[in-house]
Amino acid sequence: SSTDNWSTFESARQLGNMATPTRSRAKASPILTSLVCGFLLYFGVPMAFSTLAGHPKTSQQRRQFSVARRGESATATATETAEGEEFEFQAEVGRVMDIIINSLYSNKDVFLRELVSNAADACDKKRFLALTNSDAPPEPMKLRINTDKDARTLTIEDNGVGMLKEELQENLGRIARSGTANFVKELGSGDADVSLIGQFGVGFYSAFLVANKVEVYSRSFKEESDGKTWFWSSTGHSYKIVEAPKEEFFGEQSGTKIVLHLREEAQEYLDTGKLSDLLKKYSEFITFPIELFNEKVQYDQVPDESAPPPKEGEKQKMKSVPRSVYEWDIMNKMKPIWLRNPDVVNQSEYTEFYKTTFKAFDEPMTVTHFKVEGQIEFRALVFIPSTMPFELTRDMFSPEGRAMRLYVKRVFINDKFEDLVPRWLTFVRGVVDSEDLPLNVGREILQKSRTLKIIRKRVVRKVLDTIDDLRESNPDKFESFWTSYGKYFKVGLVEDLDYKDELKRFVRFWSSKSGDNQTSLDEYISRMKEGQDKIYFVTGEGKRAAEIAPAMEKMRLKDYEVLYMVDPLDEICSQSIVDYEGKKLVDINKAGLDLEKSEEEKKELEDTIKEYETLATWLKKQLGERVQKVQVSDRLVESMATLVQGEWGMSPMMQRYMKSQTTSGAQDSAFAIGSRNQAILEINPTHSVIKALKNLMETKPESSETEDMVMMVYETAALIGGYTIEDPGDFAKRVTKLMEFQADAGSAPGTQDAEIVG
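Residues numbered from 1 in each chain as written. Predicted model: local features only at pLDDT ≥ 70, side-chain atom pairs only at ≥ 80, totals over all residues. Heavy atoms only, no water.

Caption draft 1: Fine view of the overall build of the chain. In terms of regular secondary structure, the chain is built from 24 helices and 24 strands. Split into buried and exposed, the 758 residues of the chain put 48% on the buried side. Sequence-distant contacts in the chain: of pairs separated by 6 or more residues, those separated by 24 or more amount to 72%. Total accessible area on the chain is roughly 39000 Å²; 50% of this is exposed by carbon and sulfur atoms. (Helix = DSSP H or I, 4+ residues; strand = E, 2+ residues; numbered from the N terminus. Buried < 20%, exposed > 50% of the residue type's maximum accessible area, 1.4 Å probe, protein only. Contact = heavy atoms within 4.5 Å. Areas by Shrake-Rupley, 256 points an atom, 1.4 Å probe, with all protein chains shown as cover.)

Caption draft 2: Examining the pattern of salt bridges more closely. Overall, the coordinates contain 47 salt bridges when judged by the stated rule. Among the salt bridges present, the one from Arg263 reaches Glu265, with a minimum N-O distance of 3.8 Å. Relative accessible area serves as the criterion here: at 10%, Arg263 is assigned to the buried category. Linking Lys371 and Glu373 is a salt bridge whose minimum nitrogen-to-oxygen distance equals 2.8 Å. What makes Lys371 partly exposed here is its relative accessible area of 38%. Three or more residues joined by partner-sharing salt bridges are found here, namely Arg461, Asp465, Asp468, Arg471, Glu502 and Arg505. (Salt bridge = Lys/Arg side-chain N within 4 Å of Asp/Glu carboxyl O.)

Caption draft 3: Structural context of the sheet that holds strand S14 (residues 411-414). With mixed pairing, the five strands of this open sheet are ordered in space as S11-S12-S15-S13-S14. Since the sheet does not close on itself, it has two edges, and those belong to strand S11 (364-372) and S14, each with one partner. Neighbour-to-neighbour, the strand axes of the sheet open up by a mean angle of 20°, direction not taken into account. As paired elements, strand S13 (residues 403-408) and S14 share three bridges and run antiparallel to each other. Bridge pairing links Leu406 to Asn414 in S14. (Pairing = 2+ DSSP bridges. Axes fitted to C-alpha atoms, helices over the stretch in contact; angles between N-to-C directions.)

Caption draft 4: Main features of the packing of aromatic side chains. Tallied over the full model, the rule gives 34 aromatic pairs. Taken together, a centroid distance of 4.7 Å and an interplanar angle of 45° make the contact between Phe293 and Trp328 tilted. Of the two residues, Phe293 sits in strand S9 (residues 290-303) while Trp328 sits in strand S10 (residues 318-330), which places them 35 residues apart along the sequence. Taking 4.3 Å as the distance between ring centres and 15° as the angle between the ring planes, the aromatic pair formed by Phe427 and Tyr485 counts as stacked. With a gap of 58 residues between them, Phe427 in the loop between S14 and strand S15 (429-434) and Tyr485 in helix H12 (residues 475-495) connect regions that are remote in the sequence. Overall, Tyr485 belongs to the buried group, its relative accessible area being 0%. Among the aromatic residues, those joined into a cluster by ring pairs are Phe397, Trp424, Phe427, Phe478, Phe481, Trp482, Tyr485, Tyr488, Phe489, Tyr499 and Phe506. (Phe/Tyr/Trp six-rings, centres within 6.5 Å; stacked < 30°, edge-to-face > 60°.)

Caption draft 5: How the structure looks around helix H19 (residues 613-623). Residues Leu615, Ala616, Trp618, Leu619 and Leu623 constitute the buried set of H19. Along the axis of H19, the buried positions cluster into a sector of 165°, meaning they face one direction only. Summarising the geometry of H19, the exposed residues directed more than 90 degrees from the buried face are Glu613, Thr614, Thr617 and Lys621. The first or second residue beyond H19 is Gly624, which carries a positive phi of 60°. (Arc of directions from axis to C-beta.)

See below:
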């Protein structure tokens, strides 16, 4: 069946150069598991005994009981200290702290994405509050990132909405998100992806991946703040909140400053080059400017004291002296072009964005820019490259060749998600920016996401519409597109049931009447003869092999157009199509080909079959297991014989491909026998060789001459049909013997050379 063939075909592709690498996932160490278990034993067991013993009576006992119940309490417990109020983290936060502080996860870069995204959200909230609750516009908002190598601190500051004291407690001390407990459990066992930490409302705590102490200064934009600044600090076990009236912000109205005291092993994040790379990767299209305090080298011109004194009238010789200068550099200069109205973006802007974003050297063949609003909201910008991307030239489904970039509110998430577009659109490049997906999405979350399913459906619909427009408006360009990417659509037709019917109208094949261009099924149907109710095709390794197939003789005589399936993917594709517009696809090299005949032609064929029935039976006996059976053909005109396959048989082209991918000797043997048994030898009763063979069967059935003729008929039919003969050496001997016979006949007595007249 086509499904079985496709499974074998795809498995074979993956066994070759097109195998895709697997990604390893960081696992928590046994030490980490022990730490988590110890944490539970330390706090869980006392809590259980305390519960059995009854409630504590004294305030001191209540304090101890509260600490012991940290794993169960849903509210924070405050303690007055000389430095302000100290709070215990809420249940899941405490566990997250223990796990993150002691974690061995390698993907620590996500902390910067999380904190920058939170800062951008704070700016968005301030803008919203200013528009809804105030007549005055807010100050220009931005983010600033600074490092202090001496103090080993990294500071991320924004002049966004800021937080009140209560909001610091609520946002940084507890989690009110469902599913967090399960995530924390998986995080502790090493089964969760740490990059998804923000999905469960604990994105802020990713700071502890790189820091052993985190400090937060915040002044709220809300009226009830009274301009107070609050200081929040934690080393991961509890946190303190105290007023900090002297702390300065670069924003005049409000803001938040996060200071990370980096761990010894996280000092790489003090390198502005590293930070610059991470910001451009994750936050290139954040709406608000992101400034990094960066060191630059400037050269000052100063007198060269080592040079001889200038002569009278000459100028003092100068030299360049390097000087370090620190400046605020904007990291996200690239504007998100997809946020603009397509009507105001010109082609040169699209081209520049395409080349810059996807590191491309060609011009985009098509541009699809659209916005979707309603049940979900997202914007998309999709390009089809003019030339096949380099990463896909060796493996058409290489993960490195994927370049559909997913953003959530301008924050880059990933460009390797397989579910954003179908596999058969791997070659497209583009951006999808969703307002509805969570910031931290993983493969498991995406597969269950209704929002993503809608996004995928709309993106595919728009891409197909663009290709439709290209086909109608620019046929030459469409031919170029199909030459480069047509095989992807054939793969999609086979493996994507959701778009199978949709893709049928796109696929194109060579045909006996299409000349130098391929033809679509719609175009084929438009040229069908009156009364024709089937779409005919033939398989062959290359266009020429399909043209000379013996079965084509009758099709040319009847003036039927035939599609050429010239590679294994074409053959699998034809089996998957089955029918189109109510017209069944028929392989003219398969048994059971039913061409329209008159009553007289049917009667003549029946008489011929009876006449040659004895010859067919005798030939089957002579050929043995080489063929399934021998029968009289009504598809041949000039050829003496041909080999055809049963209804579910594979063409010789497909047989060779499958056999080349088989590694086991036993499988080889079974495959060879099975494929050989499917072959049916059809003979042409009007051909002189078949008539002579019939005569030899009746007069000299046991002679070597008759045996050689039988084998010559079979092997000639096999060769012209694209099959491989069993023993080329024996075939060569029979051909040589025939040539010698002709030579002897030419030089026999009674013949003489022509006289040459000078």
